[in-house]
Amino acid sequence: MYAEIVFPLPFRNAFTYSIPEELEQSAVVGVRAVVPFGKRTLTGFIINLVSTPPSTEKIKPVNDILDEVPVFDDKSLEFYRWVSDYYLSSLGEALKLAVPYGLEVETKRKILSDKKACGELLQKEKNKDSIKSNILRVLAERDEINLSYLQRVVKKKNIYSILRSLEKAGALNILDEIEEAKVKVKTAKYVKLDKPLAEIYAYFPELESRSPKQVKIILELIEKKNKPVALSDLLKKAEASQASVESLAGKGLVKIYEKEVDRLYSDDYKEEHVRIILTEDQQKIVDEASGEVEKGKFQTYLLHGVTGSGKTQVYIELTAKALECGKSALILVPEISLTPQMTSRLYNNFGKQVTVIHSRMSMGERYDSWRRILKGKSKVVIGARSALFVPLSNPGIIIADEEHDASYKQFESLPKYNARDAAVVLGSIHKCPVILGSATPSIESMYNARSGKYKLLNLPKRVDHAKLPKISLVNIAVERKKKKMENVFSKQLLDKIEDRLKKKEGIIVLQNRRGFSTQIYCEDCDEIETCDNCSVPMVFHINQNILQCHYCGMTKKVPNACTHCGSLKIKYFGTGTERVEDELEFYFPGVKIKRVDSDSISKKSSLGKILFEFGKGDIDILVGTQMVSKGLDFPRLTLVGVISAETTLWLPDFRADERTFQLLTQVAGRAGRSKVEGEVIIQTQNEKHFALQKVLMNDYEGFYQKEIVEREKLGYPPFARICLIEAKDIDEEKARGAIMDFHKELIAYRKWLNISSPTAAIIARIKNNYRFHILIKSPRVTDPGGKILRQAALNSFVEFNRKSRYRDVKLFYDVDPQSIL
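What comes next is a walk through the structure. The model shown is predicted, which means the values in this text are computed figures rather than measured ones.

**Topic: the overall build of the protein**
Counting secondary structure elements, the protein contains 26 helices and 36 strands. Dimensions of the protein along its principal axes, counting C-alpha atoms only, are 90 × 75 × 65 Å. Evaluated residue by residue, the protein yields a buried proportion of 53% over its 821 residues. When contacts within the protein are restricted to residue pairs at least 6 apart in sequence, long-range pairs at least 24 apart make up 75% of them. Split by element, the accessible area of the protein, about 38500 Å² in all, is 49% carbon and sulfur. Charge separation in the protein, taken as the distance between the mean sites of 129 positive and 109 negative side-chain charges, equals 1 Å.

Right, here's the structure in full:
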């Protein structure tokens with residue numbers, strides 16, 4: 001037998017390997033195999049088995065099989081093929097999403113250097129700035145270094161020929177070491193009684209006189225009614241040593257053995273289980289979607305429910321229906337800020353059947369969650385976008401909450417999938433209904449609902465007769481002229497905060513920027529302190545007293561003078577969450593304030609703890625970025641303040657108005673979810689902007705109608721499918737040359753596609769890489785499935801690789817990008 005195997009590498013073809021006789025039972029479609037690949041050892045995925053090889057060339061054998069059961073089945077493979085095809089990645093890159101990070105077995109190249117020999121060769125080099133000199137300089141200081149790290153340091157990937165020449169010169173040795181999986185099954189030692197109680201009691205007189213500690217151990221085990229006890233717990237309770245337990249094992253009285261330990265993720269956030277009676281609108285929706293769950297029929301629903309209308313309870317009822325039918329349920333949320341409350345409610349309803357998957361879990365917790373799902377122990381999965389790829393069998397319902405959120409888009413690594421759109425395809429493959437829920441649906445989803453592709457469901461009213469909050473816009477330019485501004489706060493907002501604090505009600509203040517000041521500016525030379533690696537300003541973080549780049553993470557000391565001209569006239573501009581928190585502490589001393597942004601909740605379970613304390617009333621004010629704008633449901637929260645409505649409005653992106661409308665409507669919806677009416681104060685410099693006026697009137701329909709006309713006029717989604725091509729390299733000229741050469745091949749398709757000229761990206765440099773873009777628009781009228789667009793991109797890449805001298809420059813495809821920055 002022979003196995004066709006794909007790898008998480010940018011190769012679009014499968015490779016054939018022979019299956020040794022001893023592995024024939026284990027080597028099935030869907031398992032991971034460890035195989036030789038060139039001079040390396042890699043982990044790949046078996047996608048097909050054949051009885052005859054494709055050629056007479058020598059075929060290498062599979063080294064090992066890693067999985068006892070397949071990690072994907074035929075339906076899942078069909079889904080991963082779609083992901084790779086649609087998002088222009090290899091099948092292996094798509095299948096990499098099927099397993100948690102840290103499970104691969106692969107060769108790591110290590111270089112052992114002779115520091116003295118490298119130093120001598122460096123002295124002989126004439127060009128001290130050459131790649132070879134840079135390599136020798138690094139190796140002259142280190143005995144041992146990983147190849148991948150050396151490539152990063154010298155900023156060059158193709159250094160193999162130089163290393164081989166240095167190896168021949170005796171300056172270094174290159175070793176290939178197989179690195180095992182980073183995460184494994186966790187085991188612990190357990191102890192249990194190994195003889196009947198009558199026989200054990202016979203030993204007591206001897207044990208009492210010689211070793212009282214051993215008697216204590218026996219009594220602890222008897223108390224547990226012969227249930228296995230963790231050795232560490234037993235030693236702590238009996239105040240005994242391991243030698244005492246081993247002595248009892250030697251006498252045959254107890255048995256010590258290894259047992260697998262399940263690493264369960266837990267959060268500090270907990271809610272009381274409340275029995276909820278559905279409203280008439282909720283019941284209609286549950287009844288309609290339940291019918292499709294029972295029939296096993298695919299249908300995509302867009303659930304448009306105002307904030308506080310009870311969408312979460314609809315999800316819970318449909319999950320219960322799926323379980324009742326012997327099926328499973330997958331619930332996606334855009335980011336971890338939404339998981340504590342949602343997870344708590346799911347646990348209250350479904351107990352241990354629930355498993356969580358998100359990035360704040362440890363590697364071991366993610367692995368154990370994944371294994372519980374693979375074994376069928378967990379039937380309800382909730383998580384961020386990566387949860388879409390868990391091995392959940394027989395899904396009866398798939399739900400994407402806050403479907404409009406850009407966080408569903410993977411923008412860092414290939415494939416650059418959108419979990420919301422991929423969820424719809426997954427539902428069609430498994431023949432189950434898909435629910436896309438939002439108070440502010442994306443323009444594309446609403447268009448799909450209006451055109452009949454999706455079915456529209458509405459929840460127009462809040463539950464428990466709660467009213468939508470009263471919204472006010474405050475023009476801070478006018479307030480400043482009237483001397484009614486206190487730093488970043490209008491007096492109106494400060495007065496409202498003071499009033500709600502007196503009433504012991506909860507308050508959220510939104511500022512969608514991290515840090516203290518977002519820019520440091522010199523009045524003499526007009527320069528802004530920017531990142532060395534990215535073309536963006538550094539942000540001042542007062543708590544750590546550093547400047548930080550929010551794109552590459554680089555930090556600098558806070559300068560006492562301008563780093564460009566030496567002037568002392570440096571000013572701090574812009575407002576981040578740290579400054580808002582700092583000013584609130586000044587105006588309201590003694591009030592309990594907590595910040596919720598990616599800086600403040602980096603510790604595990606810290607977000608759940610903050611939300612739990614806020615719900616109880618132990619925290620008065622939450623200050624945060626967009627993390628506080630969605631999904632939070634607290635009856636005591638009655639006031640929302642927005643420091644600046646413009647943080648997303650002025651971005652040069654076709655979705656800027658939509659993002660602003662969604663963010664402000666969502667954060668406004670956190671207020672007044674009980675009998676006490678909520679209030680929202682939005683500070684702005686442009687209160688007449690149509691997006692802000694639609695927020696003020698809570699007019700989604702009016703916003704949609706205006707935005708859809710603009711999109712059609714300019715040829716943006718949903719009327720066209722777009723793809724962003726990016727070339728990036730540390731050498732600006734090479735990046736520019738690559739994008740120009742790719743454009744030359746691409747224009748052959750301009751008859752069918754609208755292709756922009758190559759331009760520098762709006763953020764021209766990130767992580768020391770210069771970025772150049774081409775934007776392709778493919779009208780849905782002539783290319784409804786995007787086949788022409790994908791074919792054009794792939795064929796152009798083949799020609800680019802054949803002809804261009806810049807073929808070593810990285811090219812990235814982003815189909816359906818959420819941002820064109």
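**Quick look at the nonpolar core**
Ranked by size, the top nonpolar core spans 113 residues in total, and within it Phe79, Leu95, Leu330, Leu388, Ile682 and Ile776 carry the most contacts. If you tally residues by element for this core, the top one is helix 16 (residues 419–430), at seven residues. In this structure, leucine 330 is in contact with Val381, Ala387, Leu388, Leu392, Ile397, Ile398, Ile399 and Leu426, ignoring residues within four places of it in sequence. Formed by 30 residues, the second largest nonpolar core is a distinct cluster that contains Tyr265, Ala322, Val354 and Met361.

**A word on the packing of aromatic side chains**
All told, the structure shown has 32 aromatic pairs when counted by the stated rule. Between tyrosine 367 and tryptophan 370 the ring centres are 6.2 Å apart and the planes differ by 20°, which places this aromatic pair in the stacked class. Linking tyrosine 367 with tryptophan 370, this pair stays in helix 15 (residues 363–374), spanning three residues, or about one helical turn. The same class applies to tyrosine 367 and to tryptophan 370, which are both buried. Judged by centre distance (6.2 Å) and plane angle (50°), the ring pair of phenylalanine 661 and tyrosine 700 falls under tilted. Taken together, the positions of phenylalanine 661 in helix 22 (residues 656–668) and tyrosine 700 in helix 24 (residues 700–714) put the pair 39 residues apart, joining distant regions of the chain. Ring pairing ties together the aromatic residues Phe7, Phe11, Phe15, Tyr17 and Phe37, which thus form one cluster.

**Thoughts on a negative patch on the surface**
A cluster of acidic residues, Glu523, Asp524, Asp526 and Glu527, forms a negative patch at the surface. Residue placement: glutamate 523 occurs in the loop between strand 23 (519–522) and strand 24 (539–541). On the basis of relative accessibility, which here comes to 41%, the residue glutamate 523 falls in the partly exposed class.

**Side note on unusual backbone geometry**
Look at the link from leucine 414 to proline 415: it is a cis peptide, with omega at -5°. Assignment of secondary structure puts proline 415 in the loop between strand 16 (395–401) and helix 16. Cis geometry marks the peptide bond from proline 717 to proline 718, where omega comes out at 10°. Mapped onto the elements of the fold, proline 718 is located in the loop between helix 24 and strand 32 (720–729). Located in the positive-phi region is glutamate 239, a residue other than glycine, with phi close to 50°. Relative to the helices and strands, glutamate 239 is located in the loop between helix 10 (231–238) and helix 11 (242–250). The class for glutamate 239 is exposed, based on a relative accessible area of 54%. Despite not being glycine, lysine 504 shows a phi value in the positive range, around 60°. One can find lysine 504 in the loop between helix 19 (491–502) and strand 22 (506–510).

**Overview of helix 9 (residues 212–223)**
For helix 9, which comprises 12 residues, the first-to-last C-alpha distance of 17 Å matches the rise-based estimate of 16 Å (1.5 Å per residue) to within 8%. Those residues of helix 9 not exposed but buried are Gln214, Val215, Ile217, Ile218, Glu220, Leu221 and Ile222. At the C-terminal side of helix 9, lysine 225 shows a positive phi close to 55°.

**Notes on the packing of helix 9 against helix 10**
Helix 10 packs onto helix 9 with a crossing angle of 120° between their chain directions and a minimal axis gap of 9 Å. Viewed along their axes, helix 9 and helix 10 adopt a mutual orientation that is oblique. In this structure, the crossing between helix 9 and helix 10 has a hand that is right-handed. Seen from helix 9, the contacting residues are Lys213, Lys216, Ile217, Glu220 and Leu221; seen from helix 10, they are Leu234, Lys237 and Ala238. Within the contact of helix 9 with helix 10, the residues separate by chemical class into four nonpolar, no polar and four charged.

**Some points on the sheet that holds strand 12 (residues 300–305)**
Hydrogen bonds between backbone groups are what pair the strands of a sheet, and the pairing can be parallel or antiparallel. Overall, parallel pairing links the seven strands, which are arranged 14-15-13-16-17-12-18 in an open sheet. Each edge of the sheet is formed by a strand with only one pairing partner; in this case those strands are strand 14 (354–357) and strand 18 (455–459). Averaged over all adjacent pairs, the angle separating strand axes in this sheet is 20°, with direction ignored. Pairing analysis gives five bridges linking strand 12 to strand 17 (residues 434–438), with the strands arranged parallel. Looking at the pairing, leucine 303 lines up with glycine 437 of strand 17.

**Structural notes on the sheet that holds strand 6 (residues 106–113)**
In space, the three strands of this open sheet follow the order 7-6-8, with antiparallel pairing throughout. Each edge of the open sheet carries a strand with a single partner, namely strand 7 (144–146) and strand 8 (172–179). On average, each strand axis in the sheet is inclined to that of its neighbour by 30°, with strand direction left out of account. Summarising the sheet, strand 6 and strand 7 pair through three bridges and their orientation is antiparallel. If you follow isoleucine 111 over to strand 7, its bridge partner there is isoleucine 145. Its contacts with the sheet place helix 5 (residues 147–154) against strand 6 and strand 7, and it is angled at close to 85° to strand 7.

**Description of the pairing of strand 12**
Of all six residues in strand 12, six are buried; the element is thus mostly enclosed. Neither face of strand 12 is exposed, since Thr300, Leu302 and His304 on one face and Tyr301, Leu303 and Gly305 on the opposite face are all buried. For strand 12 and strand 18, the ladder comprises five bridges, and the chain directions are parallel. Bridge pairing in strand 18 places glycine 305 opposite leucine 459.

**Details of the pattern of salt bridges**
Taken as a whole, this structure holds 47 salt bridges when the rule is applied. Aspartate 368 is the salt-bridge partner of arginine 263, the closest N and O atoms lying 2.8 Å from each other. Within this pair, whereas arginine 263 is found in the loop between strand 11 (254–260) and helix 12 (280–295), its partner aspartate 368 is found in helix 15, the two being separated by 105 residues in sequence. We note that arginine 263, like aspartate 368, is buried. Note that aspartate 618 is salt-bridged to lysine 616, the shortest N-O span being 3.2 Å. With a relative accessible area of 41%, aspartate 618 lands in the partly exposed category. Overall, lysine 616 belongs to the exposed group, its relative accessible area being 52%. Connected via shared salt-bridge partners are Glu260, Arg263, Asp368, Arg371 and Lys375.

Definitions and cut-offs
Residues numbered from 1 in each chain as written. Predicted model: local features only at pLDDT ≥ 70, side-chain atom pairs only at ≥ 80, totals over all residues. Heavy atoms only, no water. Helix = DSSP H or I, 4+ residues; strand = E, 2+ residues; numbered from the N terminus. Buried < 20%, exposed > 50% of the residue type's maximum accessible area, 1.4 Å probe, protein only. Contact = heavy atoms within 4.5 Å. Areas by Shrake-Rupley, 256 points an atom, 1.4 Å probe, with all protein chains shown as cover. Lys, Arg positive; Asp, Glu negative; His and termini not counted. Charge placed at Lys NZ, Arg CZ, Asp CG, Glu CD. Core = buried A, V, L, I, M, F, W, Y, C linked by side-chain atoms within 4.5 Å. Phe/Tyr/Trp six-rings, centres within 6.5 Å; stacked < 30°, edge-to-face > 60°. Patch = residues over 30% accessible without salt bridge, like charges linked within 9 Å, V, L, I, M, F, W, Y side chains within 5 Å. Salt bridge = Lys/Arg side-chain N within 4 Å of Asp/Glu carboxyl O. Expected span 1.5 Å × (residues − 1). Axes fitted to C-alpha atoms, helices over the stretch in contact; angles between N-to-C directions. Parallel < 35°, antiparallel > 145°, perpendicular 65-115°, else oblique. Left-handed = near helix turned anticlockwise from the far one by under 90°. Nonpolar A, V, L, I, M, F, W, Y, C, P; charged D, E, K, R; others polar. Pairing = 2+ DSSP bridges.

Structural measurements only, silent on function.
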